[in-house]
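Structural features, examined
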Amino acid sequence: MTVLAVDLGATWLRVSPFSGAPLGKSVYRLSEIGLESVPEIIASAGKELKAEAIGIATAGPLSLKDGWIRPPNLGNVKLYLRNEVEALSGIRVYMQNDCVAGLLATILKGDAGSSKNVVYITFSTGIGAGVMVDGHVILGKDGNAHEVGHLVLSYSGDIRCGCGGLGHWEALCGGKNMVEHFRLKAGVNVHDARDIFELARLGDPRAIAFTEECMRINAAGIASVVNSYDPEVVVLSGSVFLGNREQFINGISKYIGDYLINRPPVIKPSSLGDDAPLIGAGLLAELKGVLP
Ligand SMILES: [Zn+2]
């Protein structure tokens, strides 16, 4: 069975034929192609492949019932993605939040072992999570049960999130917002989050202090998720994490005890790397949308 796997993040669109694993992916930069061209690109790829189904992992929030997405990091525009791709291609589309897809890949292909209580957290442009409790993947009324990037971690925080809110985890430590946060905190202009971590590695005291504070915030965020869902395993992924995994693991280990009330879980990097949501999208299509 060949399906089409799609990962629509905040920066990249990844599209790949899939049969148990991705079979060579095409990658598009969203700032170059524009969000409005995404349904056509996916539908064309599906038709060319004669795909039996299309699985889409997308940045949220979204509506599973009505098939739209409206991600703050993609301009807060409502796009009826599932409906448009189905209408253009005539192929059945199964869509989930990208972190639910990442979680699915983690459960079926990756790092969860036989655990029934698993959290997948991504640190990328934004921050998000997928959660399985007692063997059940949690979705919520619209499919947005895990928008943990918008947990308020600073009640008096004055940094505005992509969603418009103040003091959100993602506003403080999401890859996109870190640049603005760093400018306000340290008075230094950088291009992206990578530059901040690189400055810290080079010994810049402002970058060291800033990334250290971010790790404390990340530890508080992860602890809040652990206190809510009581997982055995927390798997970390996303480009910002994957590029700086030693700093993350060390920093989170150092501070998480200050915020945990539950017994600590195993915290580990995703072995699937950046492909976890894409793999999850393919699995979602193969399973015809039926989740554990
Ligand atoms: Zn927010």
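Placed above this text is the structure.
Okay, so let's go over this structure. (Residues numbered from 1 in each chain as written. Predicted model: local features only at pLDDT ≥ 70, side-chain atom pairs only at ≥ 80, totals over all residues. Heavy atoms only, no water.)

1. Let's talk about helix H4 (residues 98-109)
For H4, which comprises twelve residues, the first-to-last C-alpha distance of 16 Å matches the rise-based estimate of 16 Å (1.5 Å per residue) to within 8%. Within H4, ten of the twelve residues are buried, leaving the element largely enclosed by the surrounding structure. Those residues of H4 not exposed but buried are Asp98, Cys99, Val100, Ala101, Gly102, Leu103, Leu104, Ala105, Thr106 and Ile107. Its side-chain oxygen 2.6 Å from the backbone nitrogen of Cys99, Asn97 forms the N-cap of H4. (Helix = DSSP H or I, 4+ residues; strand = E, 2+ residues; numbered from the N terminus. Expected span 1.5 Å × (residues − 1). Buried < 20%, exposed > 50% of the residue type's maximum accessible area, 1.4 Å probe, protein only. Polar contact = N/O pair within 3.5 Å; in protein donor to acceptor, adjacent residues only side chain to side chain.)

2. Considering the environment of Asp258
Mapped onto the secondary structure, Asp258 falls in the loop between helix H10 (245-255) and strand S10 (266-269). What makes Asp258 exposed here is its relative accessible area of 51%. Linking Asp258 and Ala219, residues 39 residues apart in sequence, is a C-alpha distance of 8.5 Å. Here the side chain of Asp258 touches Arg216 through a polar contact of 3.2 Å, side chain to side chain.

3. A short note on the packing of aromatic side chains
Under the definition given, this model contains five aromatic pairs. Ring centres of Phe123 and Trp169 lie 5.9 Å apart, and the angle between their planes is 70°; this geometry places the pair in the edge-to-face category. Here the residue Phe123 occupies a position in strand S6 (residues 118-123), and Trp169 occupies one in helix H5 (residues 169-173), the gap between them amounting to 46 residues. You'll find Phe123 and Trp169 in the same group, each marked buried. In this structure an aromatic cluster arises from ring pairing among Phe123, Trp169, Phe197, Phe241 and Phe248. (Phe/Tyr/Trp six-rings, centres within 6.5 Å; stacked < 30°, edge-to-face > 60°.)

4. Quick look at the sheet that holds strand S1 (residues 3-8)
Reading across the sheet, the five strands line up as S3-S2-S1-S4-S5 and stay open at both edges, with mixed pairing between neighbours. The open sheet has two free edges, formed respectively by strand S3 (26-29) and strand S5 (93-97), since each of these has just one partner strand. Pairs of neighbouring strands in the sheet enclose a mean axial angle of 15°, with direction left out of account. Pairing geometry for S1 and strand S2 (residues 12-18), over six bridges, is antiparallel. Across the sheet, the residue bridging to Val3 is Phe18, located in S2. On top of the sheet, helix H3 (residues 81-89) reaches S1, strand S4 (54-58) and S5; it is set at about 160° to S5, its chief contact. Packed onto the sheet, H4 meets S1, S4 and S5 and runs at close to 95° relative to S5. (Pairing = 2+ DSSP bridges. Axes fitted to C-alpha atoms, helices over the stretch in contact; angles between N-to-C directions. Contact = heavy atoms within 4.5 Å.)

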